[in-house]
Amino acid sequence: MAEKVSVSEVADAMYKMIKDTMGIKKWKATDLQKASIELFGADRCDKQICKDAIKELINSGRAVYTYFGGSYIEIPHDEGAKNI
Amino acid sequence: MADQKYETPLLDQLESGEWPSFVKEIKMAAETNQMANSLLGLLEQSYEERKGHWKHGGIVGVMGYGGGVIGRYTDLPEKYPDISHFHTMRVNQPAGWFYTAEALKQICDVWDRYGSGLTNMHGSTGDIILLGTRTENLEPAFNELTKLGFDLGGSGSAVRTPSCCCGMARCEWACYDTMALTYYITMRYQDELHRPAFPYKMKFKMSGCPNDCVASIARADISIIGTWRDEIQINQEEVRNYANNGVDIYKEIVLNCPGKCIEWNGNELKIDDSSCRHCMHCINVMPKALAPGKDRGATILVGSKAPIIEGALLSSVLVPFIKIEEPFDDLEIWELIDNMFDLWCEEGKNRERIGEFIQRVGLGNFIEAVGLPPMPEMIAHPRENPYIFYESFFEEEEE
Ligand code: SF4
Ligand code: SF4
């Protein structure tokens, strides 16, 4: 059986996916999960690892949840609507 | 103390009449809270111009959570600097909305310190809604609320704060302990409540009997409605008392029974329970004489929603009857619910409620994919069912 990928490895991969596509694509939790399982393979990565990776990204502040009609995961940034 | 007093002739009109007015409440708050005072000015301007002056903010929240805060800014920050931020916090209400006076005072004190002092008890999902705060006050307010034992509720594409009727706490019709189950569901789905991972919102509502006081059949993606599967309990003496005291049993009960299953001969009431639709009508009219049966549990339904993106939907039956008893961990519905979540996450479109998803793929395909056999209770009338495909029947025909 293939060795499972670590949560931080998946978190790093997710972070890169979000960063590389900033302004082009908004990622939902399920999109990140599907992309990560595809990247690492279903034998090495599963839903729970992806859930934990998202939690790690959010709890460390590297990513934040946003709401624009639906809930997304993004790199923290200033939004257009914001007032000082 | 309010620095500037706004003239509010249009808002003032809303104070006339018999009903309580939100304007009166905002004015009271404005005496001590500058945010509430500025809100009066902004609202009056909106009424004059017939135009809203709010912008929706999508990023604000508290660390680690993906919901519970609804970002809002005014588009007139120079004119109304005190409400340039006016975010809402949703706080998870206690099951059945029971509070001590002390708890309510504590919540209000927190909100006087960190927000506008204005609340909405309760929002349509059931949360305590704390209206109007600034971004920098979100974390301190959240910290104080958690110290008091409260937590934020759900928002966004997540499990929303589960809610229920007061159930066994106050109501003799409750067929299961709605408050205990609601607490259990809230704790079981903490992750799904605080970390949005669904195509769209997911609401659980628990009603103790088919009177459905929290309107779960119309407002919840998953409705758990109390019911019974034995006979309605009848106290014939009390039935006769109702009749002697002026209830026209034939007109008010027999003729209004949707199952057409009640007989009344002037002395004795008979119910053919096999045709009863469990609508509660007869029980509601004669609560001293009739009661739900003793073999109680709940029906699990899926798919209702209020009209937002598409029209309103009512729930469809998934599990006709299940006993709801502790330990709730052992209930057979969790695997089914997990299967539904997985399927909806996998195949659902962005902002598609599970009921809309079921309409798109068909209930027959949906129940097959989540591992449920078709049952007669899933349809309203025989031979009017667009969902169930009788494969074996067609196979025999083809042979
Ligand atoms: S739904 Fe039924 S059990 Fe719950 S409060 Fe209403 S009447 Fe009582
Ligand atoms: S509960 Fe409704 S359907 Fe059943 S016997 Fe009473 S009135 Fe008829």
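The structure we're discussing is the one just above.
Residues numbered from 1 in each chain as written. Chains lettered and ligands numbered in written order. Predicted model: local features only at pLDDT ≥ 70, side-chain atom pairs only at ≥ 80, totals over all residues. Heavy atoms only, no water.

This part covers empty space enclosed by the protein. Residues and elements named next belong to chain B. The full count for this structure, using the stated rule, is one cavity of 30 Å³ or more. Looking at the largest cavity, its volume works out to about 90 Å³. As for the largest cavity, its lining consists of 17 residues, and the residues nearest its centre are Cys257, Ile262, Cys276, Cys279 and Cys282. At three residues, helix 11 (residues 281–285) tops the list of elements feeding residues into the lining of the largest cavity. Along the lines of polarity and charge, the residues of the lining of the largest cavity split into 13 nonpolar, three polar and one charged. (1 Å grid on protein atoms, 1.4 Å probe; cavity = no way out; pocket = protein on both sides within 12 Å on 5 of 7 lines; lining within 4 Å. Points joined across faces, edges and corners; volume = space filled by probe spheres on them. Helix = DSSP H or I, 4+ residues; strand = E, 2+ residues; numbered from the N terminus. Nonpolar A, V, L, I, M, F, W, Y, C, P; charged D, E, K, R; others polar.)

Time to look at the sheet that holds strand 5 (residues 128–133) of chain B. Residue and element names in this part refer to chain B. Spatially, five strands are ordered 1-2-3-5-4 in an open sheet, and the strand pairing comes out antiparallel. Taken across any chain shown, the strands that pair with only one partner, and hence form the sheet edges, are strand 1 (54–57) and strand 4 (115–121). Each strand axis lies, on average, 25° off the axis of its neighbour in the sheet, ignoring direction. Both strand 1 and strand 2 (residues 69–74) contribute to a ladder of four bridges, which runs antiparallel. Along strand 2, the bridge assignment pairs His56 with Arg72. (Pairing = 2+ DSSP bridges. Axes fitted to C-alpha atoms, helices over the stretch in contact; angles between N-to-C directions.)

On to the site of ligand 1. The local shell around ligand 1 consists of Cys165(B), Cys171(B), Trp173(B), Ala174(B), Gly208(B), Cys209(B), Asn211(B), Asp212(B) and Cys213(B). Within the shell around ligand 1, the residues separate by chemical class into six nonpolar, two polar and one charged. (Near = heavy atom within 4 Å.)

What follows covers the pattern of salt bridges. Using the criterion set out here, one finds 21 salt bridges over all chains in the structure. Two residues, Lys82(A) and Asp78(A), come together in a salt bridge whose shortest N-O distance is 3.2 Å. A residue is classified by how much of its surface remains accessible, and Asp78(A), at 62% relative accessible area, is exposed. Among the salt bridges present, the one from Arg188(B) reaches Asp329(B), with a minimum N-O distance of 3.9 Å. Of this pair, Arg188(B) sits in helix 6 (residues 178–188) while Asp329(B) sits in the loop between strand 14 (316–322) and helix 12 (333–347), placing them 141 residues apart in sequence. If you follow the salt bridges from partner to partner, you end up with Lys51(A), Lys55(A), Asp191(B), Glu192(B) and Arg195(B) in one network. (Salt bridge = Lys/Arg side-chain N within 4 Å of Asp/Glu carboxyl O. Buried < 20%, exposed > 50% of the residue type's maximum accessible area, 1.4 Å probe, protein only.)

Okay, the site of ligand 2 next. Near ligand 2 you find 14 residues, and of these Cys257(B), Cys276(B), Arg277(B), Cys279(B) and Cys282(B) are the closest. Counting atoms within 2 Å of the grid points, the majority share of ligand 2 lands in the largest cavity. (Sits in = over half its atoms within 2 Å of the grid points.)

With that out of the way, let us pick up the interface of chain A and chain B. Chain A puts 26 residues into the contact, and the matching count from chain B is 32 residues. A per-residue breakdown of the area chain A buries against chain B is headed by Tyr65(A), Tyr67(A) and Asn83(A), which together make up 28% of the total. Linking chain A with chain B are 15 residue pairs in polar contact (both at pLDDT 80 or more), by the criterion used here. When residues of the side of chain A that touches chain B are traced back to their parent elements, those giving at least two are helix 2 (29–40), helix 3 (47–59), strand 1 (64–68) and strand 2 (70–74) of chain A. Its residues assigned to classes, the side of chain A that touches chain B shows nine nonpolar, ten polar and seven charged. (Contact = heavy atoms within 4.5 Å. Buried area = accessible area lost by both parts, 1.4 Å probe. Polar contact = N/O pair within 3.5 Å; in protein donor to acceptor, adjacent residues only side chain to side chain.)

This part takes up unusual backbone geometry. Outside of glycine, negative phi angles account for most residues, and trans bonds account for most peptide bonds. Residue and element names in this part refer to chain B. At the junction of Met121 and His122, the peptide bond is cis and its omega measures out at 5° in the coordinates. Within the secondary structure layout, His122 lies in the loop between strand 4 and strand 5. Residue Pro327 is reached from Glu326 by a cis peptide bond, and omega for that bond is 0°. Position of Pro327 relative to the elements: it lies in the loop between strand 14 and helix 12. The phi angle at Ala215 is positive, at roughly 55°, despite the residue not being glycine. Checked against the element boundaries, Ala215 lands in the loop between strand 7 (204–207) and helix 8 (216–219). Ala215 sits in the partly exposed class, given a relative accessible area of 31%.

Here we come to the state of the cysteines. By the definition in use, this model includes zero disulfides over all chains. With no disulfide of its own, Cys50(A) lies 3.6 Å from the sulfur of Cys45(A), the closest cysteine sulfur. On the basis of relative accessibility, which here comes to 0%, the residue Cys50(A) falls in the buried class. Here Cys166(B) stays free of any disulfide, with the sulfur of Cys165(B) as its closest cysteine sulfur at 5.5 Å. (Disulfide = S-S within 2.5 Å.)

Our next topic: the environment of Pro196(B). Looking at where Pro196(B) falls in the secondary structure, it is placed in the loop between helix 7 (190–194) and strand 7. For Pro196(B) and Leu148(B), which are 48 residues apart along the polypeptide, the C-alpha to C-alpha distance reads 25 Å.

The next point concerns the layout of surface pockets. The calculated volume of the second largest pocket comes to roughly 510 Å³. For the second largest pocket, the lining is made up of 25 residues, of which Gln33(A), Lys51(A), Glu192(B), Ala197(B) and Phe198(B) are closest to its centre. Contributions of two or more residues to the lining of the second largest pocket are made by helix 2 and helix 3 of chain A together with helix 7 and helix 12 of chain B. Among the elements that take part in the lining of the second largest pocket, helix 3 of chain A stands out by supplying seven residues, more than any other. Tallied by class, the residues present in the lining of the second largest pocket amount to ten nonpolar, three polar and twelve charged.

Attention shifts here to the pairing of strand 3 (residues 88–91) of chain B. All names here are of chain B. Side chains Thr88 and Arg90 of strand 3 all project onto a buried face; the interleaved residues Met89 and Val91 project onto the opposite face, where all are buried too. Sheet topology places strand 2 next to strand 3; two bridges connect them, and they run antiparallel. Note that in strand 3 the partner of Ile70 across the bridge is Thr88. Relative to strand 5, strand 3 runs antiparallel, the two sharing four bridges. For Thr88, the partnering residue across the bridge sits in strand 5 and is Leu131.

Next up on the list: the nonpolar core. Residue and element names in this part refer to chain B. Counting 44 residues, the largest nonpolar core has Leu181, Phe204, Ile224 and Phe366 as the members making the most contacts within it. Those elements giving two or more residues to this core turn out to be helix 6, strand 7, strand 8 (222–228), strand 13 (296–302), strand 14, helix 12, helix 13 (354–361) and helix 14 (363–369). A total of nine residues in this core trace back to one element, the largest contributor, which is helix 12. Sequence-distant contacts of Ile224, that is, excluding residues within four places in its chain, are made with Tyr176, Leu181, Ile185, Lys205, Met206, Ser207, Ala298, Thr299, Ile300, Ile324 and Ile333. Within the second largest apolar cluster, 25 residues are counted, among which are Val247, Ile253, Cys257 and Trp264. (Core = buried A, V, L, I, M, F, W, Y, C linked by side-chain atoms within 4.5 Å.)

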